[in-house]
Amino acid sequence: MLLKSLLKGKHLGHILFPQVREEISKNQAKRTREFKWDEKIHPSSGLTFEMCPHDHIRKMVEAKEFPLSTIYKMEHGTVIHEWIQNKLKWRKDCLWEKPILARELIPKLESIWPEVPIEDNETGFSGKIDCILKYKDEPVLVDIKTTSVDPKMSQRDLFTYVDEHLLPAIGVSISKKSLSEIVDKYKALKQASTIDGWVTYCEKELPKPTHKGQVCVYAYLVNRLKYYTKPIRKIGIAYLNLTRFGEISGEKEFYYDFDKELEEKTGLLIHHLALERRAFLDRRDTECSYPLCRQHKGGKD
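Draft legend 1. Inspection of the environment of P117 at higher detail. Along the chain, the position of P117 falls in strand β1 (residues 116–120). Residue P117 is classed as buried on the basis of its relative accessible area of 0%. Sequence-wise, P117 and L101 are 16 residues apart; in three dimensions their C-alpha atoms are separated by 9.0 Å. Once residues lying within four places of it in the same chain are set aside, the contact partners of P117 are L101, L105, K108, L109, I112, G127, K128 and Y227.

This is the structure we're talking about:
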């Protein structure tokens, strides 16, 4: 797949981008060849409350090879993260205070601030929190995500809009076969022109379960490790659509109360991930015992 991508531009007479693609391919091949699990659990590795901790730990030891398009998106995301965080450094009044860390983590904190490093030797978790903001004199843990959802309304989105909103409003019942005629007739209406694919995506797809799982795990670990005198009681996920970069319409933020119920639920997930990690490192055979695991129906095959 990567080789095919490399050759794609050369027959067009391109000089610059084939070199970039080739370097990315070389770097990924090297990473895959030299991959060795660091024996840590990373909150950004796709954690959800219905996952299987048993299987997840065993998948973490496998080297992953990503398509070129995914690598581009990941590197774009890294650049955007750094850009946002650099802006926050100049808005110190909006950042929460620096955490109380073990001495060996202080140099790392100073080098990546406003990111906050997480290292929990007892549970085996390791990662970096994007930022912790100050809002109404309370700390708010926020994770930044980038996306490139096409801002134009897709035909499917438009059909859905007509089906769910327009037809009921005008009292029309019509077959799917003739739906395109209705679309052509009404797509110029103001209502349709104000609904687009990004809005639909935000309403139906966001926040992603893995993203919410990630911020919950980070909030739990910050509280467990007593990073601050005030515990984290609010978490957020901030999405930036790169196809609308610089426009307010391309920004979407979700916030949740990290209450006792959610904290206990997160603690249960972390506990089972830590148990499976320890068992794997000790080379002990185990079966899924996580009560919320969807795959094994509450820990039972």
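Still more to cover.
Draft legend 2. Representation of the sheet that holds strand β4 (residues 138–147) in the model. The strand order β3-β4-β5-β6 describes an open sheet built from four strands, whose pairing is mixed. Across the chains shown, the open sheet's two edge strands, defined by having one partner strand only, are β3 (131–135) and β6 (251–257). The average angle at which neighbouring strand axes cross in this sheet is 30 degrees, direction not considered. Here strand β5 (residues 234–241) runs beside β6; their pairing, made up of seven bridges, is antiparallel. Bridge pairing links I235 to Y256 in β6. Set on the sheet, helix α4 (residues 68–89) makes contact with β3, β4 and β5; between it and β4 the angle comes to about 145 degrees.

Draft legend 3. Region of the structure containing the confidence of the model for the chain. Per-chain confidence: the chain averages 84 in pLDDT, with 79% of residues scoring 70 or above. Segment residues 188–194: pLDDT under 50, and eight contacts once partners within four positions in sequence are set aside and those in other chains are kept.

Reading the values: the criteria
Residues numbered from 1 in each chain as written. Predicted model: local features only at pLDDT ≥ 70, side-chain atom pairs only at ≥ 80, totals over all residues. Heavy atoms only, no water. Helix = DSSP H or I, 4+ residues; strand = E, 2+ residues; numbered from the N terminus. Buried < 20%, exposed > 50% of the residue type's maximum accessible area, 1.4 Å probe, protein only. Contact = heavy atoms within 4.5 Å. Pairing = 2+ DSSP bridges. Axes fitted to C-alpha atoms, helices over the stretch in contact; angles between N-to-C directions. pLDDT = per-residue confidence, 0-100.

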